[in-house]
Amino acid sequence: MPLLGLGTWKSDTGEIYEAIRESIRIGFRHIDCAAIYANEKEIGQALHDAVEEGDVTREELWITSKLWNNSHKKEQVMLPLQKTLNDLQLDYLDLYLIHWPVVLKEGIGFPASGADFYTLDDVPTVETWQAMEACVDAQKTRHIGVSNFSIKKIDTLLQTARIAPEMNQVEMHPLLAQNKLVAYCQSQGIPLTAYSPLGSPDRAAIIKQENEPSLLEHPVIKEIANTHGCSTAQILIAWAMDRGISVIPKSVNSGRLRQNYDAQNISLTREDKERISSMDRHYRYVVGAFWAMEGSGYTVEELWDGL
Ligand code: A2P
């Protein structure tokens, strides 16, 4: 899997088609999708046209997508995967992830009340995982993994998994370096992907906290960017890649796509990395509070298991 990928969360229909075409022309080969982003159809059209017009072959691409929380029961998993494949106009995915360790009732996109949830006792993740394994057997996806999983939850999966998870995609950036989780996943041979590597400034106001710190404007990152003569976004991307972690900055702008791709050419010095390490303060932009509504059976603390 190419370490650098294109994120597509928050990329609107009407703009994502051209962003995908442009990213492939620039050289991106890894695209991170999810059914809940509600843009897979348009991405599929762009992938189809890029292959048809000879910009790239299917084999050169790495396409990830994710199972939404409302289809975690064993018999439910294959259907949304097939819908994703149809939307993306693909025969197989490279990687399919369980999006969250949270279960919603059938047909619920986003919950309106606690009654919209199943607990992890009702629908254990190991059950969902068995269905994910069946997706590999059916050759609908080459690899399977998880997203937003704690050490404890991965540990539980590993106890019964026939196929060990091959990815954990989590929020990660200098304010949330996730050193414990990185050490654990690396000890288990599980690669990681960093989402929201730029701090996701384009999230809807309703899921933002007050006075969020800005990564793109952070004084330490700015100073390091100045010494390299590059942008702060490029430093943030280079930092993840230097740790051997896949990173999926989202952009729908051709200049910024090019900039993000070129971040692969930046080498951080030991001093840069020490300065960036000192920024870690376990700050999450995506807290997951939307899963902890009253009566849901979930709490933010249990979601991350103290991580
Ligand atoms: P845009 O899509 O207009 O380029 P994240 O990947 O952390 O979710 O952050 C995505 C946000 O960062 C989007 O608002 C995106 O805007 C912006 N962004 C992406 N690349 C850059 C860049 N190189 N410089 C500044 N902002 C960027």
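Up top is the structure these notes are about.
Residues numbered from 1 in each chain as written. Predicted model: local features only at pLDDT ≥ 70, side-chain atom pairs only at ≥ 80, totals over all residues. Heavy atoms only, no water.

A sheet is described by the order of its strands in space; here eight strands give the open sequence β1-β2-β3-β4-β7-β8-β9-β10, paired in parallel fashion. In this open sheet, the two edge strands, each paired with only one partner strand, are β1 (6–7) and β10 (246–247). With two bridges connecting them, strand β9 (residues 192–195) and β10 associate as parallel partners. Counted as the bridge partner of Thr 193 is Ser 246 from β10. The strands touched by helix α3 (residues 78–88) are β3 (62–67) and β4 (93–98); relative to β4, the strand with the most contacts, the crossing angle is about 140°. (Pairing = 2+ DSSP bridges. Helix = DSSP H or I, 4+ residues; strand = E, 2+ residues; numbered from the N terminus. Contact = heavy atoms within 4.5 Å. Axes fitted to C-alpha atoms, helices over the stretch in contact; angles between N-to-C directions.)

Given 3.6 residues per helical turn, the α-helix brings residues three or four places apart onto the same face. Regarding helix α7 (residues 219–228), the residues found buried are Val 220, Ile 221, Ile 224 and Ala 225. Considered in projection along α7, the buried side chains sweep an arc of 135° and stay on one side of the axis. Facing away from the buried surface of α7 by more than 90 degrees, the exposed residues are Pro 219, Asn 226 and Thr 227. If you follow the buried residues of α7, they end up packed against α8 (232–242) and α10 (270–277). (Buried < 20%, exposed > 50% of the residue type's maximum accessible area, 1.4 Å probe, protein only. Arc of directions from axis to C-beta.)

Let us look at the site of the ligand. Near the ligand there are 18 residues, and of these Lys 250, Ser 251, Arg 256, Gln 259 and Asn 260 occur at the shortest range. When the ligand sits alone it has 580 Å² of accessible area, and the protein chains cover 86% of it. When atom positions are compared with the pocket grids, the ligand is found to occupy the largest pocket. If you tally residues by element for the shell around the ligand, the top one is helix α9 (residues 254–262), at three residues. In terms of residue class, the shell around the ligand is made up of seven nonpolar, seven polar and four charged. (Near = heavy atom within 4 Å. Areas by Shrake-Rupley, 256 points an atom, 1.4 Å probe, with all protein chains shown as cover. 1 Å grid on protein atoms, 1.4 Å probe; cavity = no way out; pocket = protein on both sides within 12 Å on 5 of 7 lines; lining within 4 Å. Sits in = over half its atoms within 2 Å of the grid points. Nonpolar A, V, L, I, M, F, W, Y, C, P; charged D, E, K, R; others polar.)

So, about empty space enclosed by the protein. Using the criterion set out here, one finds two cavities of 30 Å³ or more in the structure. Looking at the largest cavity, its volume works out to about 40 Å³. Around the largest cavity sit Phe 149, Ser 150, Val 170, Gln 178, Leu 181, Arg 284, Trp 304 and Leu 307, which together line it. Its residues assigned to classes, the lining of the largest cavity shows five nonpolar, two polar and one charged. Here the second largest cavity is characterised by a volume of approximately 30 Å³. If you go around the second largest cavity, the residues you meet are Met 172, His 173, Pro 174, Ala 194, Pro 197, Leu 236, Trp 239, Ala 240 and Val 247. Of all the elements, α8 adds the most residues to the lining of the second largest cavity, at three residues. Residue classes in the lining of the second largest cavity are distributed as eight nonpolar, one polar and no charged. (Points joined across faces, edges and corners; volume = space filled by probe spheres on them.)

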